[in-house]
Amino acid sequence: MRDCDTDVIIVGAGPTGLMLAGELRLQGIEVVVLERLTEPMRQSRALGFSARTMEELGQRGLLERFGDIGVIPVGHFGGMPLDYTIVPGGNFGVRGVPQAFTEAVLNEWATGLGAEIRRGWELTALTADEEGVEVRADTPDGPRTLRAGHVVGCDGARSAVRTLSGIDFPGYEPTIEMLMADVSGVQVRIRPSGERSDAGMAVVLPAGPGVTRVVVFERDAGVRPTDEPPSFAEVAAAFRRVTGEDISGGTPLWLSSFTDASRQAARYRKGRVFLAGDAAHIHMPIGAQGISAGLGDAVNLGWKLAAEIRGHAPAGLLDTYHTERHPVGARILANTLAQRALYLGGPEMDPLRSVFAELMAYEDVQRLLVGMVTGLDIAYDAGPGDHPLLGRRLPDFELACDAGARTAFELLHGGRAFVLDLRGDADLRAAAEPWRDRVDLVTATTHPGGPLADADAVLVRPDGYIAWIGSGGSEAAGLTDALARWFGEPGDTRSRPAPAVAASA
């Protein structure tokens, strides 16, 4: 392989790029993050993340870095009230966490693990071959060229990586626009789930001490012929026409807009180039699904790309990034477009709202919608088996280990896969031993009646999804098949030893 400057170049230092950088550094992979902006983003943008993202951050020990955060238990689907606590661990999202703060937390984590962030680097060219990828960027010191084994575009809806790689981005053009402002110095009635009127719809949320976020959709306004943010006068006038309230005396802190444009990359991988986050999918921001999908992409891709670089990825592992995450993105586009019709449609949508209201009286429908929006119901193909948790996320629960009490999520803090032996099975531990360079082995017991009380052992991937469950004895053969499927053959490594940053259990 031709000499490379680093293992992976990530383009974009937003939440997705920073999360991916940290994931790769947990595995000992060298990472350089290129960011067009010269300073960290200080705007609020997204105001939280979903219930599944809370779990993913908890799996890395990051959730406590956000301090005492609250969640929104009751939200909506398309403006129709929905109690998200009907699903264990469910909520409509974390309350009032500005994206700038999320990025600051992830930046501190990733750089603390050794990721390098280069700001003021704007990608201008990209060339991929069978051995690596070369990028060219305009920098504060003039044009520069870097080469890496792989490049990941986390550079947003107008992704240069996607464009330069020739990856199609099909979808729907915008038909409506919503104007947005963070305002201080004015009292506005809170409308967390939105409020419709004949003229349109308005959402009002608390956005921090003394700050209110105002989002307004004016039914007959159409889409402005510009990408520039609206003026505060435009936002205030539209808000008054829709709600009758006057916010013009407030002080705008940030202005923006978004549309219902919905697009998804035709492929998330093209050889050594990958897309994640908004570079791979865009849609209306409802229920924090955008930022959460991006972080989920990063957690899914990180360990797989690291396995490829370290030389023990089984054939086809990198392709599972697309086959697992593309359907997740497609489902988000579908539900946000459906919510747009319910949320922003005029009287012609009243019959549909009536039908939805009847359906949402059923608990099974409520659970389906909550799982869809939160990401708590994501399921991947984990092979044969009929356990309800197979291929799904690992719940957090308490374990009694030799070293003392631990939680399931604590076992994932180091970004390592693990086999959890819940019955003290010597044969199973012997079967797993050849993979100890890449998979931890934990013997523990759990409380009767817990989520895995009927299991003898489980194999958990680094992203927190259960890849295999054994019960009823004679598990060793099934475990070795699952270990080989996800983590390659024992001793198959071409590059480097297990990273020192990984946590042993």
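Since the model is a prediction, treat every value here as computed from it, not as a measurement.

Thresholds applied
Residues numbered from 1 in each chain as written. Predicted model: local features only at pLDDT ≥ 70, side-chain atom pairs only at ≥ 80, totals over all residues. Heavy atoms only, no water. Helix = DSSP H or I, 4+ residues; strand = E, 2+ residues; numbered from the N terminus. Rg over C-alpha atoms; globule rule 2.2 N^0.38 Å. Buried < 20%, exposed > 50% of the residue type's maximum accessible area, 1.4 Å probe, protein only. Contact = heavy atoms within 4.5 Å. Areas by Shrake-Rupley, 256 points an atom, 1.4 Å probe, with all protein chains shown as cover. Lys, Arg positive; Asp, Glu negative; His and termini not counted. Charge placed at Lys NZ, Arg CZ, Asp CG, Glu CD. Phe/Tyr/Trp six-rings, centres within 6.5 Å; stacked < 30°, edge-to-face > 60°. Lys NZ or Arg CZ within 6 Å of the ring centre and 35° of its normal. Pairing = 2+ DSSP bridges. pLDDT = per-residue confidence, 0-100. Axes fitted to C-alpha atoms, helices over the stretch in contact; angles between N-to-C directions. Parallel < 35°, antiparallel > 145°, perpendicular 65-115°, else oblique. Left-handed = near helix turned anticlockwise from the far one by under 90°. Nonpolar A, V, L, I, M, F, W, Y, C, P; charged D, E, K, R; others polar.

Draft legend 1. How the structure looks around the overall build of the protein chain. The number of helices and strands found in the protein chain is 11 helices and 24 strands. For 505 residues, the compact-globule formula gives about 23 Å, and the C-alpha radius of gyration of the protein chain, at 23 Å, lands near that figure. With respect to the principal axes defined by its C-alpha atoms, the protein chain has extents near 70 × 60 × 35 Å. Classification of the 505 residues of the protein chain by burial places 55% in the buried group. Intrachain contacts of the protein chain at a sequence separation of at least 6 include 69% that bridge at least 24 residues. Total accessible area on the protein chain stands at roughly 20,700 Å², and carbon and sulfur atoms take up 51% of it. In the protein chain, 48 side chains carry a positive charge and 67 a negative one; their mean positions are 3 Å apart.

Draft legend 2. Examining the packing of aromatic side chains more closely. Under the defined criterion, the tally for this structure stands at 9 aromatic pairs. With a centroid separation of 5.8 Å and an interplanar angle of 45°, the aromatic rings of Tyr268 and Tyr321 are classed as tilted. Taken as a pair, Tyr268 in the loop between strand 15 (262-264) and strand 16 (269-270) and Tyr321 in helix 7 (residues 319-344) lie far apart in primary sequence, 53 residues in all. The same class applies to Tyr268 as to Tyr321, namely buried. Between the aromatic rings of Trp303 and Phe487, the centroid separation amounts to 5.7 Å while the plane-to-plane angle is 40°, which identifies the pairing as tilted. Of the two residues, Trp303 sits in helix 6 (residues 289-310) while Phe487 sits in helix 11 (residues 476-487), which places them 184 residues apart along the sequence. One aromatic cluster is present, formed by Phe49, Phe66 and Phe101 through successive ring pairs. The ring of Phe169 is capped by Arg162, whose NZ or CZ atom sits 3.7 Å from the centre of that ring. The ring of Trp486 carries Arg461 above its face, with NZ or CZ at 4.6 Å from the centroid.

Draft legend 3. Structural view of the sheet that holds strand 9 (residues 171-172). If you trace the 3 strands from one edge of the open sheet to the other, you get 9-15-18, paired in antiparallel fashion. The sheet is open, and its two edges are formed by strand 9 and strand 18 (281-282), each paired on a single side. Of the strand pairs in this sheet, strand 9 and strand 15 are connected by 2 bridges, and their pairing is antiparallel. Directly across from Gly171, in strand 15, lies its bridge partner Arg263.

Draft legend 4. Local environment of the confidence of the model for the protein chain. In the predicted model, the protein chain carries a mean pLDDT of 92, and the fraction of residues at 70 or more is 95%. For residues 495-505, every residue scores under 50 in pLDDT, and the model assigns this stretch 32 contacts once sequence neighbours within four places are set aside.

Draft legend 5. The arrangement of the environment of Gly120 in detail. With respect to the secondary-structure elements, Gly120 resides in the loop between strand 5 (116-119) and strand 6 (122-128). Separated by 83 residues in the primary sequence, Gly120 and Leu37 have C-alpha atoms spaced 5.3 Å apart.

Draft legend 6. Quick look at the side chain of Thr212. Mapped onto the secondary structure, Thr212 falls in strand 13 (residues 211-218). Setting aside residues no more than four positions away along its own chain, Thr212 makes contact with Ala181, Asp182, Val183, Val186, Val188, Val204, Leu205 and Ala207.

Draft legend 7. Geometry of the sheet that holds strand 11 (residues 191-197). Reading across the sheet, the 5 strands line up as 11-12-13-10-14 and stay open at both edges, with antiparallel pairing between neighbours. Each edge of the open sheet carries a strand with a single partner, namely strand 11 and strand 14 (251-259). This sheet shows a mean twist of 20° between the axes of neighbouring strands, independent of strand direction. The pairing of strand 10 (residues 177-184) with strand 13 spans 7 bridges and is classified as antiparallel. Within the sheet, the bridge partner assigned to Met180 lies in strand 13 and is Val215.

Draft legend 8. Here's a closer look at the pairing of strand 11. Alignment of strand 11 against strand 12 (residues 200-208), held across 4 bridges, turns out to be antiparallel. Of the residues in strand 12, the one forming a bridge with Arg196 is Met201. Between the end of strand 11 and the start of strand 12, which pair antiparallel, lie 2 residues.

Draft legend 9. Main features of the pairing of strand 12. Sheet topology places strand 12 next to strand 13; 8 bridges connect them, and they run antiparallel. Paired with Gly208 across the strands is Val211, a residue of strand 13. Hairpin remark: strand 12 followed by strand 13, antiparallel, with 2 residues in the connecting loop; positive phi at Gly210, about 70°.

Draft legend 10. Focus on the packing of helix 7 against helix 8 (residues 350-359). Packing of helix 7 against helix 8 brings their axes to within 9 Å, and their N-to-C directions diverge by 110°. By the criterion of interaxial angle, the relationship of helix 7 to helix 8 is roughly perpendicular. As for how helix 7 packs across helix 8, the hand of that crossing is left-handed. Residues Ala341, Leu342, Tyr343 and Leu344 of helix 7 lie in contact with helix 8, whose contacting residues are Leu352, Arg353 and Phe356. A breakdown of the residues in the contact of helix 7 with helix 8 according to their chemical character gives 6 nonpolar, no polar and 1 charged.

Draft legend 11. Molecular detail of the packing of helix 1 (residues 15-26) against helix 3 (residues 99-112). Contact geometry for helix 1 and helix 3: axes closest at 9 Å, N-to-C directions at 20°. By the angle between their directions, the pair helix 1 and helix 3 is classed as roughly parallel. Here helix 1 runs over helix 3; the crossing is left-handed. Touching Pro15, Leu18, Met19, Ala21, Gly22, Glu23, Arg25 and Leu26 of helix 1 are Gln99, Glu103, Leu106, Asn107, Trp109 and Ala110, all from helix 3.

Draft legend 12. Representation of the environment of Asp350 in the model. Here Asp350 shows up in helix 8. Taking the C-alpha atoms as reference, Asp350 lies 59 Å from Asp425; in sequence the two are 75 residues apart.

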